[in-house]
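# Structural features, examined
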Amino acid sequence: MTIGIFAVWMPAALIAQRINNGNRLQFSWKKVLAGCPSWMRNTAYAVFIYAFANFFLGIAGGMAEQQHGLRVFSGHWMIFYGMAFCIFFSSWNLPSMLKTRHCPAGHEVGHGDNFCPTCGLPAAQDSPNP
C-alpha cells in the first residue's frame, strides 16, 4: 500500500502544480479541487481530519505492534490515495485548468486572475500559447 502511493501521488502532484501555475508559495487546494463536486471536496477534507485524529489515537492507544502500525498508517494511505483521486477527477472534469492562459502581451496569467500580474493588461479568456 505504501509503495503504491508514489505511483499515484507523483502524477497527481504534477497536475496540482500545473493547476496552480507552479506557484508553491500560493498553493490553493480550492483551485486544485475546483472540478470536484462539493460532496467530494468535503469528503476529502473529512478524510484529512480523520487521518490526523486516527494517527494521534493510534499513538495514544495500546495495541499489538502489527495492529498499531496498520492503524497509524491507514489514515495516511486514505489521504494520499483519496486526494490523488480527487486531483485526477478535478482535472478530468475541468480540463481547461491544465491549459496555460496568457495576456495579450504574452505573459503567463493564473486561472483565477483577471489581469496580468506582470503588465496589468486584461487576461484573455482563451488565448493560444505563443
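Preceding this section is the structure that the text describes.
None of the values given here were measured: they were computed from a predicted structure.

## Points about the packing of aromatic side chains
Enumeration over the complete set of coordinates arrives at six aromatic pairs. Ring geometry for F48 versus F52: centroids 5.0 Å apart, planes at 70°, classification edge-to-face. Highlighted residues: F48 and F52, both in helix α3 (residues 38-60), separated by four residues, approximately one helical turn. When its relative accessible area of 42% is taken as the criterion, F48 is described as partly exposed. Relative to F56, the ring of F55 lies with its centre 5.3 Å away and its plane at 75°, an arrangement referred to as edge-to-face. Three or more aromatic residues joined by ring pairs make a cluster, and in this case those are F85, F89 and W92.

## As for the state of the cysteines
A complete count under the given rule lists zero disulfides for this structure. No disulfide involves C103; its nearest neighbouring cysteine sulfur is the one of C119, lying 3.7 Å away. Classification of C103 by relative accessible area gives buried; the value is 4%. Under the relative-accessibility criterion, C119 is labelled partly exposed at 36%.

Calculation rules
Residues numbered from 1 in each chain as written. Predicted model: local features only at pLDDT ≥ 70, side-chain atom pairs only at ≥ 80, totals over all residues. Heavy atoms only, no water. Phe/Tyr/Trp six-rings, centres within 6.5 Å; stacked < 30°, edge-to-face > 60°. Helix = DSSP H or I, 4+ residues; strand = E, 2+ residues; numbered from the N terminus. Buried < 20%, exposed > 50% of the residue type's maximum accessible area, 1.4 Å probe, protein only. Disulfide = S-S within 2.5 Å.

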